[in-house]
Amino acid sequence: MQPLSRPEILAVLKIARANSVRDHALLLLCFAHGMRASECGQLLLPDISTKDWTIRIKRVKGSLETLQILSANSECLLDERRLLTEWLALRVNDSPYLFPSRNKRGSLSRVQVYRMFRAYCEQAGTADTKRGVHALKHSLGQRMADGGCDVKEMRLALGHKSLSSLSTILRCGQSKRIDPGRWH
């Protein structure tokens, strides 16, 4: 799985935004927090706190549960706080899920999230090797490594229990701490 470049991520998010605030918010959270499709589809409303701007991510596959900061960003397509405020104001469904399925009160399945991302990637002209939602996790990891982020911080941000699991996601950059808002 190859990571997407920043221009590729922005192109996909721009197309998602033009189609749906929900889809844009979902894909931005997947990228900004290194989430799997199933993790993002299963987010509940109480997992988001606009009081302290945090997101609780219940990771799957034996990964860590994490509490992370939702970032503001001068780039509109990457501003999680503004986008989630907008999505929550538009959301009329009484489902407990942050991103309910359009057809029912249930959550979006990992397959629905995968198909959504793949369709937006196709419209953006993204290479086929980058059209899996997991490429967003790789993209975040690569951006953090390229920015010189500490590997322990990367491990927590991506929800990994061990440092060795990072080797499949990225090539490590120099080891220093950076401002998490710079990751995306």
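Positions within a chain are numbered from 1, following the residues in the order the chain's sequence is written. Per-residue local features of the predicted model are confined to residues with pLDDT of at least 70, and side-chain atom pairs are confined, for both listing and counting, to 80 or more; whole-chain, interface and lining totals are unaffected and use all residues. For the side-chain quantities, the full set of heavy atoms in the structure was used; hydrogens and water were omitted.

Let's talk about the sheet that holds strand β3 (residues 66–69)
Strand-to-strand pairing in sheets goes through backbone hydrogen bonds, with the strands running parallel or antiparallel. Stated formally: For two strands to be treated as a pair, DSSP must find at least two bridges joining them. Numbered from the N terminus, helices here are DSSP runs of H or I no shorter than four residues, and strands are runs of E no shorter than two.
What the three strands build is an open sheet, ordered β1-β2-β3; its pairing is antiparallel. Of all strands in the sheet, those bounded by a partner on one side alone are β1 (48–49) and β3.

Brief notes about the side chain of Ser-107
The condition that has to hold: Here's how the labels work: a residue is buried when its accessible area is under 20% of the maximum for its type, exposed when over 50%, partly exposed in between, all with a 1.4 Å probe on protein chains only. N or O atoms within 3.5 Å of each other form a polar contact, as long as, within protein, one can give a hydrogen and the other can take it, and as long as residues adjacent in sequence are counted only when both atoms are side-chain atoms. Contacts: residue pairs with any heavy atoms within 4.5 Å of one another.
Tracing the backbone shows Ser-107 in the loop between α4 (80–90) and α5 (110–124). Since its relative accessible area comes to 15%, Ser-107 is described here as buried. A distance of 2.8 Å separates polar atoms of two side chains, one belonging to Ser-107 and the other to Gln-42. In contact with Ser-107, not counting residues within four places along its chain, are Gly-41, Gln-42, Tyr-97, Phe-99, Ser-101 and Gln-112.

Considering the pattern of salt bridges
Note the following rule: Salt bridge criterion: a side-chain nitrogen from Lys or Arg within 4 Å of a carboxyl oxygen from Asp or Glu.
Scanning the model with the defined rule gives 11 salt bridges in all. Between Glu-8 and Lys-130 there is a salt bridge whose closest N-O contact spans 2.9 Å. You can see Glu-8 sitting in helix α1 (residues 6–19) and its partner Lys-130 sitting in the loop between α5 and α6 (134–146), a full 122 residues away along the chain. For Asp-23, the salt bridge identified is with Arg-22, shortest N-O distance 3.0 Å. Of the two residues, Asp-23 and Arg-22, neither departs from the other in class, the shared state being buried. It is possible to trace a salt-bridge network through shared partners that takes in Arg-118, Glu-122, Asp-128 and Arg-131.

Side note on the side chain of His-33
Tracing the backbone shows His-33 in the loop between α2 (21–32) and α3 (37–41). Polar side-chain contacts of His-33 include one of 2.6 Å to the side chain of Gln-68. Those residues in contact with His-33, other than ones at most four positions away along the chain, are Ile-55, Ile-57, Arg-59, Gln-68, Ile-69, Leu-70, Glu-80, Leu-140 and Ala-157.

Let's talk about α1
Stated precisely, the cut-off is as follows: By this rule the span expected of a helix is its residue count minus one, scaled by 1.5 Å. In this context, the arc is that of the directions from the helix axis out to the C-beta atoms.
Given a rise of 1.5 Å per residue, 14 residues ought to cover 20 Å, and the 20 Å separating the end C-alpha atoms of α1 matches this to within 8%. Of all the positions in α1, only Ile-9, Leu-10, Val-12, Leu-13 and Ala-16 are classed as buried. Along α1, the residues classed as buried sweep out an arc of 165° about the axis, all on the same side. Away from its buried face, by an angle of more than 90 degrees, α1 presents the exposed residues Pro-7, Lys-14 and Ala-18. Of the surrounding secondary structure, the elements contacted by the buried residues of α1 are α2, α5 and α6.

Topic: the environment of Ala-157
Position of Ala-157 relative to the elements: it lies in helix α7 (residues 151–158). A C-alpha to C-alpha distance of 8.6 Å links Ala-157 and Gly-141, two positions 16 residues apart in sequence.

Focus on α4
Of all the positions in α4, only Glu-80, Leu-83, Leu-84 and Trp-87 are classed as buried. On an axial view of α4, the arc spanned by its buried residues comes to 95°, and they lie on one face. On the buried face of α4, the contacting elements are α1, α2, β1 and β3. Where α4 begins, one side-chain oxygen reaches toward the backbone nitrogen of Arg-81, 3.2 Å away; that side chain belongs to Asp-79.

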